Amino acid sequence: MDRKDYLKEPVNHIKINGTLTVDQLMQQFKNSGSLGAGRLAAACDIYEKMLREKDCTIFLALSGAVVPAGMRTIVTDLIRKHLVDVIVSTGACMVHDAIEAVGGHHYKGGWAVNDAELYKYHLFRIYDIFVPEEDYIRLDFKFSEMYADIAKQRNGESLASDEFTHEIGKRLTDKNSILRAAYEENVPIFLPAVRDSEFGFIHWLHASQKDQKNVLLVDAFKDVPTVCGICARSPKNGMIVIGGGVPRNTIQSSALASKKGLDYAVVITLDRPETGGLSGSTLEETVSWGKMKGSADHVMVIGEALMVFPFLVASATERLGPDFKRNSFLQREKHAGKAN
Amino acid sequence: MENNNEEKFCGNCDSHNCFDYPTKVFCSTRYWHHQNPIVDTLWHCESYNRVSQECYCVSEALKQKNSGKAAES
């Protein structure tokens, strides 16, 4: 590069007035183009591109305290508006959704508290959010019966994790539930580490019942051809990651296994790359594996998802306007009856 | 608030979890045996096994019971 290539665009100062919309503020961030604001503005541009791209399948990876922190409805609305196509989640995120779907709540709490006392009151802490144990136990009780019902129907045949979430969503009535919305809109939710959550302990409760004849069988290996197949068939693939871990790895590995490589990637994380762990690994690193194309539009937003993700979604949807209708590749494929 | 009660109660048995704090608990042992798992915190049965980490279930249930009695009288 020549010297002048490094000095193409000056930083424009952020101007605030009293009537800025979310997207207008995002445009001001873009004018700055620096630090976290610049990354967030880039993320918004990339998500908008994914949404406007006719043939891009959008994967959303969920991990961490998405639901307890208050982003449940954002995800549900994205599903109902078809602004995401596939969800890959930790088991815990969907457990948190299920807790609220059966009447439980997460409560505003604090982090400087007496955790030994919380234990004695049967209250669990997720940083500064509290959840009563009885909300988990009510879920366990109800879902154990649900597992028995699903197992009876399947009669020894195992389910892939997306079939499992589909069956759960079918049995929930809460319209604000992520699981319910995904069931109604036919959006697959994969839980590659399903047993590493309350869903696993509910299984223990269900399977340990005396004389249990029909034990629910969930086989996460069955997910692999399905999720890789989606990547392979989709002309383009993009991902938005909240956090990282197993959900991020599942999407990236599927893009690799299907020999496609991601075309778009947005990762929102506070994790660092120096550990060699996946959650903080840079997107540039994924290029070396073939998980993301070298030409992909990508950005990592280093920030806490509760501050970043609502902003990202609000800004992108404002740009699209109220009349925007997305007919995704997977929807068209389903309508054409070609889905596997 | 300390729970020094040495008496056997569902609320200090290791099969208990919260169901309707503090008066009702969920008993996993009963669930496994297809019995109604929702029992009174201040009940107990022959499968009782003392919990290793004490909680406030029993003391709070006793307090509630005693305050109820006081209100009745």
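Look a little higher up for the structure.
Residues numbered from 1 in each chain as written. Chains lettered and ligands numbered in written order. Predicted model: local features only at pLDDT ≥ 70, side-chain atom pairs only at ≥ 80, totals over all residues. Heavy atoms only, no water.

Caption draft 1: The arrangement of the pattern of salt bridges in detail. Residues and elements named next belong to chain A. The full count for this structure, using the stated rule, is 29 salt bridges over all chains. D23 is the salt-bridge partner of R319, the closest N and O atoms lying 2.8 Å from each other. One end of the pair, R319, is in helix α13 (residues 305-320); the other, D23, is in helix α1 (residues 22-32), with 296 residues separating them in the sequence. For R319, a relative accessible area of 16% gives the class buried. Here K170 ties to E167 by a salt bridge, and the two come within 3.4 Å at their closest N and O atoms. With K170 and E167 both in helix α7 (residues 161-171) and 3 residues apart, this pair spans about one turn of that helix. (Salt bridge = Lys/Arg side-chain N within 4 Å of Asp/Glu carboxyl O. Helix = DSSP H or I, 4+ residues; strand = E, 2+ residues; numbered from the N terminus. Buried < 20%, exposed > 50% of the residue type's maximum accessible area, 1.4 Å probe, protein only.)

Caption draft 2: Seen up close, the environment of V51 of chain B. All names here are of chain B. As for its placement among the helices and strands, V51 is situated in the loop between β3 (38-40) and α2 (57-72). A sequence separation of 35 residues divides V51 from H16, and the C-alpha atoms of the two residues are 8.5 Å apart. For V51, the contacting residues outside a window of four places in its chain are N12, C13 and D14. (Contact = heavy atoms within 4.5 Å.)

Caption draft 3: A look at the packing of aromatic side chains. All names here are of chain A. As enumerated under the stated definition, the model contains 13 aromatic pairs over all chains in all. Ring geometry for W111 versus Y127: centroids 6.5 Å apart, planes at 10°, classification stacked. One end of the pair, W111, is in the loop between β3 (107-108) and α5 (115-120); the other, Y127, is in the loop between β4 (123-126) and β5 (129-132), with 16 residues separating them in the sequence. Look at F124 and Y136: their rings are 5.5 Å apart centre to centre, the planes differ by 70°, and that puts the pair in the edge-to-face class. Taken together, the residues F124 in strand β4 and Y136 in helix α6 (residues 133-154) connect sequence positions 12 residues apart. (Phe/Tyr/Trp six-rings, centres within 6.5 Å; stacked < 30°, edge-to-face > 60°.)

Caption draft 4: The interface of chain A and chain B, seen in detail. Taken residue by residue, the interface counts 17 residues in chain A and 22 residues in chain B. Buried area between chain A and chain B, both sides added, is near 2000 Å², and the carbon and sulfur share of it is 62%. Considering only the side of chain A, the residues that lose the most area to chain B are K120, Y121 and F141 of chain A, jointly responsible for 30% of the buried surface there. Taken together, chain A and chain B are joined by 0 salt bridges. Secondary structure elements with two or more residues in the side of chain A that touches chain B: α5, α6 and α9 (198-207) of chain A. At 7 residues, α6 of chain A tops the list of elements feeding residues into the side of chain A that touches chain B. Its residues assigned to classes, the side of chain A that touches chain B comprises 6 nonpolar, 4 polar and 7 charged. (Buried area = accessible area lost by both parts, 1.4 Å probe. Nonpolar A, V, L, I, M, F, W, Y, C, P; charged D, E, K, R; others polar.)

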